[in-house]
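Descriptive structure summary
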Amino acid sequence: MYRYDQYDHQMLADRVAQFRDQTQRYLAGQLSDAEFLPLRLQNGLYIQRLAPMLRIAIPYGMLSSRQMRKLAYIADHYDKGYGHLTTRQNIQFNWPHLEEVPDILEHLAEVEMHAIQTSGNCIRNTTTDQFAGVSADEITDARPYCEIIRQWSTFHPEFAFLPRKFKIAVCGTRHDQAATQVHDIGLYMVRNAAGELGFRVLVGGGLGRTPVIGSEIRSFLPEQHLLSYLDAILRVYNQEGRRDNKYKARIKILVRETGVEQFRDKVEAEWLTVKDGPMTLTQDEVERCRGFFHDPDYKDLPGSSELLKRALGGDVMFAAWHDQNVSAHKRPGYAIVTICAKKTGYAPGDLDAAQMQFIADLADQYSFGEMRITHTQNVVLADVEQDKLYDLWQALKTHDLQADNLGLLSDMICCPGGDFCALANAKSIPIAESIQRRFSHAELREIGKLSLNISGCMNACGHHHVGNIGILGVDKKGEEFYQVSLGGSASNDTALGKIVGPAFSQDEIPDVIEKIVSVYKQQRSGGEEFVETFNRIGLDPFKAALYGDKSNSRASRPA
Amino acid sequence: MPASSEWIIKDQTVVSNSWRILEAEVGVDELADMEQQAILAPLDFWLAERSTLQARKGLTGVWLDSNEKPGSLIVDSTFDINEIPLIAVNFPVFSDGRGYSTARALRQNLGYEGDLMAIGDVLRDQVFYLKRCGFNILMPRADQDAEIMLTAFADFKTGYQASIDQPEPLFRRR
Ligand code: HEM
Ligand code: SF4
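Just so we're clear, the structure is a prediction, and the values are computed from it rather than from any experiment.

Residues and elements named next belong to chain A. With respect to the helices and strands, the residue arginine 143 is situated in helix H5 (residues 143-153). On the basis of relative accessible area, arginine 143 is assigned to the buried category, the value being 5%. Here arginine 143 is in contact with Tyr60, Met62, Thr128, Ala132, Gly133, Phe293 and Arg372, once residues within four sequence places are set aside.

Below, the structure is given as structure tokens:
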């Protein structure tokens, strides 16, 4: 993991002091609400429905056990004992007091964490695939580049007041788990014919009201030019992105209005003015950053574990969990374990302080003291010996962390929605729960891989556009309705879901999901996953099942 | 429109302000009345009356609004941008960040070495970024306190990125 040196520590200490001073001036009435707003947002602080909300960055998802314990401490001392993992590898606390936020930031700084640029119109936390560095099919580990981008984007003096928020994802694995194509900039790591490393550059992806899949503007950017190229993109955006209308201010709109070709030409022209200058990455810097992400001290283990085989044979519950939540590791004898924070009855992505403590202990015991947070709101222990999987699973059971639903319908992405968020049109957590309660575990396994994403409004924090099934809360004449879309995907084949038809009431949703699933079960052929069947048969069979001959009477309902 | 204030911060010191910001073009007579007055002309006026204004030598600068591109100043290939003694960039509201890119482009792409002044909604909490992007003069909003403004230069000891005031990024210095 990246470790801070004296410069990083100094920068963070300066930041905490700066925000303490800003908060004091605000509380003393010397800063207006409007002046304080971007300052607090750039420290992750929203003012929400019930209290302020503090969003803390987990850069590219990496977390040490020491950091996790600190989060548990913050949950206990400054919140109501829990935190919420987000789709952008951040963690949110819903109940801190404004006056105490500088203290929280000071606690975080002790463990090399912060809330810098986790909201506001600036460059946000850079995200990546949670299997970076351990995946068997990786082009290269993206994390060193994420760290390089983190430093470049932190307090970038030119880009602190962009037209709108700006999100970057980097993906070095072949199977994209970072939703790279729906980011303002998506970077895929690639090698050219000569075997040199570089990036395929996409711009203008994003969700929100106007979901767009990013467009490629460069098929190969040699790695040493990473920062000068990013600088050039940001400069074109900062100068030309729309500022007259907040809903048209994202780079996706600029790219669309300018045209991809022309936008690329502008970026390339801007790039020529800085290319090969001091921003060019040095081999030393790349090596220095790589050095932080070297393999831990793996043991030499046989490729398959006898202990594991016996446990799988002897305990069907364990075998079910293993089947679902354990993924292949690049090293013989090791495994990647995903702890699903998706147990029915808990808000998706919520962890309480005791669970955080406990996961930190498990990381120390089983996985070299490190964890990763995923954009699907789960936690990964990336380096577990196969011999120890059975012990680990038994330990997980003691803290309600054994949910064996990774990738299944009940492993939903879900935003905080109307229970917490001031912008919500509708609640989302109770919807998630009502769906989870509808299906038995056996049914879920029989259905197989299916992503279901829920957002409480069109801001799309819950990624509903790219769920195989997407649910969006809409408000019609003060009543909460839910619009359902099908066929979305956030992976290499990124696609935006198609709306099935008029929206449903909260009570109808479990039935609706059940009907959608039965159409799939009737129509699937061979080992097709939900989204493959959908792509083959299209929307109509689902429409027929959902609206049938009632579709006329439904037409009068709000859409 | 930006108002002229009585004091400015130049190279991190408070000094009195001699520059008067013109909101719009003025006629020949009015210009003659301001013979000894340092003025900042709006871009359109400056472009239209460049030869007249240039004759005033060190007494005429130009100000760009946040949507005006620094490249507009380069009217022909013989023009040396460093003949302009002062260029000001307006921040109509502090959260309009275009001026930062304007400043960096003036310094970095156009090689401007003269005085560069931030005007308009210039507040304490943006001072550090303004300085890093190449502004050496700040004309703060009327309600700002000089002493408090000055403390902002010490907000951070250093920065990660290449910037106008520190062209080497931290990774080349650590
Ligand atoms: C509760 C407080 C929250 C507020 C007020 C909030 C606000 C917003 C807003 C206004 C947008 C739309 C931005 C745009 O279209 O330009 C947005 C997008 C987004 N938010 Fe949130 N959000 C909150 C919580 C969350 C949470 C909990 C997550 C993760 C689960 C999250 C992740 C995202 C993501 C991934 C997007 C979409 C990014 C895109 O448009 O490309 N937010 N949020
Ligand atoms: S999608 Fe809407 S309701 Fe949900 S967290 Fe985002 S802004 Fe709030």
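Once the charged atoms of two side chains with opposite charge are near each other, the side chains can pair. Within this structure, the stated rule accounts for 53 salt bridges over all chains. Residues aspartate 21 of chain A and arginine 25 of chain A are paired through a salt bridge, measuring 3.1 Å at the closest nitrogen-oxygen approach. Note that aspartate 21 of chain A and arginine 25 of chain A are positioned in helix H1 (residues 6-27) at a spacing of four residues, about one turn of the helix. One salt bridge connects aspartate 231 of chain A with arginine 104 of chain B, and the closest N-O pair in it is separated by 2.5 Å.

A few words now on the coordination of the iron atom of ligand 1. In this structure, the iron atom of ligand 1 receives exactly one donor atom from the protein: Cys461 of chain A (SG), at 2.1 Å. Note that cysteine 461 of chain A resides in the loop between strand E17 (452-455) and strand E18 (469-476).

Residue and element names in this part refer to chain A. As a matter of local geometry, ligand 1 sits amid 25 residues, with Lys165, Lys167, Leu207, Arg250 and Cys461 nearest to it. One of the backbone N or O atoms of glycine 208 is found 3.2 Å from an oxygen atom in ligand 1. Contact distances for ligand 1 include 2.9 Å between an oxygen atom and a side-chain N or O atom of arginine 250. The class makeup of the residues in the shell around ligand 1 is nine nonpolar, ten polar and six charged.

To continue, consider the packing of H5 of chain A against helix H6 (residues 226-240) of chain A. All names here are of chain A. Interaxial distance between H5 and H6 falls to 11 Å at its minimum, and their mutual angle equals 50 degrees. Between H5 and H6, the angle falls in the class oblique. H6 is crossed by H5, and the crossing has right-handed handedness. Across from Tyr145, Ile148, Ile149 and Trp152 in H5, the residues of H6 making contact are Leu226, Leu227, Leu230, Asp231 and Leu234. Broken down by class, the residue content of the contact of H5 with H6 amounts to eight nonpolar, no polar and one charged.

It is worth spelling out the domain arrangement of chain A at this point. Residues and elements named next belong to chain A. For chain A, the assigned domains read domain 1 (6-110), domain 2 (134-291), domain 3 (306-397) and domain 4 (413-547). Opposite the twelve residues of domain 2 that make contact, domain 4 presents twelve residues. Where domain 2 abuts domain 4, roughly 1100 Å² becomes buried across the two surfaces, and 60% of that area is made up of carbon and sulfur atoms. The tally of links from domain 2 across to domain 4 stands at zero salt bridges. Residue composition of the side of domain 2 that touches domain 4, by class: six nonpolar, three polar and three charged.

Now for helix H12 (residues 353-366) of chain A. All names here are of chain A. Between its first and last C-alpha, H12 extends 20 Å over 14 residues, near the 20 Å set by a 1.5 Å rise per residue. Among the residues of H12, those classed as buried are Ala353, Gln355, Met356, Phe358, Ile359, Ala360, Leu362, Ala363 and Tyr366. N-cap assignment for H12: the residue whose side-chain oxygen lies 3.1 Å from the backbone N of alanine 354 is aspartate 352.

Between the first and last C-alpha of H6 of chain A there are 21 Å, a value that for 15 residues agrees with the 21 Å anticipated at 1.5 Å per step. Of all 15 residues making up H6 of chain A, 14 are buried, and the element is well covered by its neighbours.

The environment of ligand 2 is formed by Cys415, Pro416, Gly417, Cys421, Leu423, Ala424, Ser455, Gly456, Cys457, Asn459, Ala460 and Cys461 of chain A. For the shell around ligand 2, the residue count by class is eight nonpolar, four polar and no charged.

Summed over all chains, the structure comprises 26 aromatic pairs over all chains. Centre to centre, the rings of tyrosine 229 of chain A and tryptophan 271 of chain A are 5.1 Å apart; their planes meet at 80 degrees, and the pair counts as edge-to-face. One end of the pair, tyrosine 229 of chain A, is in helix H6; the other, tryptophan 271 of chain A, is in helix H8 (residues 260-274), with 42 residues separating them in the sequence. Side by side, tyrosine 229 of chain A and tryptophan 271 of chain A carry an identical accessibility label, which is buried. Taken together, the ring pairs in this structure connect Phe161 of chain A together with Phe91, Phe94, Tyr100 and Phe135 of chain B into an aromatic cluster.

Residue and element names in this part refer to chain A. Pairing is antiparallel across the open sheet formed by five strands, whose spatial order is E3-E14-E15-E12-E11. Each edge of the open sheet carries a strand with a single partner, namely strand E3 (62-64) and strand E11 (326-328). Averaged over all pairs of adjacent strands, the angle between strand axes in this sheet comes to 35 degrees, irrespective of strand direction. Along the sheet face, helix H3 (residues 65-78) touches E3 and strand E14 (370-373) and points at about 85 degrees away from the line of E3. Contacting strand E12 (334-339), E14 and strand E15 (379-385), H12 crosses the sheet at an angle of about 25 degrees to E15.

Contacts between chain A and chain B engage 47 residues on the former and 39 residues on the latter. Both faces combined, the contact of chain A with chain B buries some 3700 Å², and carbon together with sulfur accounts for 55% of it. For the interface between chain A and chain B, the tally reads nine salt bridges. As a salt-bridge pair, aspartate 5 of chain A and arginine 174 of chain B come within 2.8 Å of each other at their nearest N and O atoms. Contributions of two or more residues to the side of chain A that touches chain B are made by H1, helix H2 (33-41), H5, H6, H8 and helix H9 (283-291) of chain A. In terms of residue count, the dominant contributor to the side of chain A that touches chain B is H1 of chain A (ten residues).

Turning our attention to unusual backbone geometry. Residue and element names in this part refer to chain A. Phi is positive for phenylalanine 155, which is not a glycine, with a value near 60 degrees. Relative to the helices and strands, phenylalanine 155 resides in the loop between H5 and strand E7 (168-171). Even without being a glycine, aspartate 400 presents a positive backbone phi close to 60 degrees. Among the secondary structure elements, aspartate 400 is positioned in the loop between helix H13 (389-397) and strand E16 (413-414).

Rules used throughout
- Residues numbered from 1 in each chain as written.
- Chains lettered and ligands numbered in written order.
- Predicted model: local features only at pLDDT ≥ 70, side-chain atom pairs only at ≥ 80, totals over all residues.
- Heavy atoms only, no water.
- Helix = DSSP H or I, 4+ residues; strand = E, 2+ residues; numbered from the N terminus.
- Buried < 20%, exposed > 50% of the residue type's maximum accessible area, 1.4 Å probe, protein only.
- Contact = heavy atoms within 4.5 Å.
- Salt bridge = Lys/Arg side-chain N within 4 Å of Asp/Glu carboxyl O.
- Donors = N, O, S within 2.8 Å, 3.2 Å for Na, K, Ca; no water.
- Near = heavy atom within 4 Å.
- Polar contact = N/O pair within 3.5 Å; in protein donor to acceptor, adjacent residues only side chain to side chain.
- Nonpolar A, V, L, I, M, F, W, Y, C, P; charged D, E, K, R; others polar.
- Axes fitted to C-alpha atoms, helices over the stretch in contact; angles between N-to-C directions.
- Parallel < 35°, antiparallel > 145°, perpendicular 65-115°, else oblique.
- Left-handed = near helix turned anticlockwise from the far one by under 90°.
- Domains from an automatic or database assignment.
- Buried area = accessible area lost by both parts, 1.4 Å probe.
- Expected span 1.5 Å × (residues − 1).
- Phe/Tyr/Trp six-rings, centres within 6.5 Å; stacked < 30°, edge-to-face > 60°.
- Pairing = 2+ DSSP bridges.

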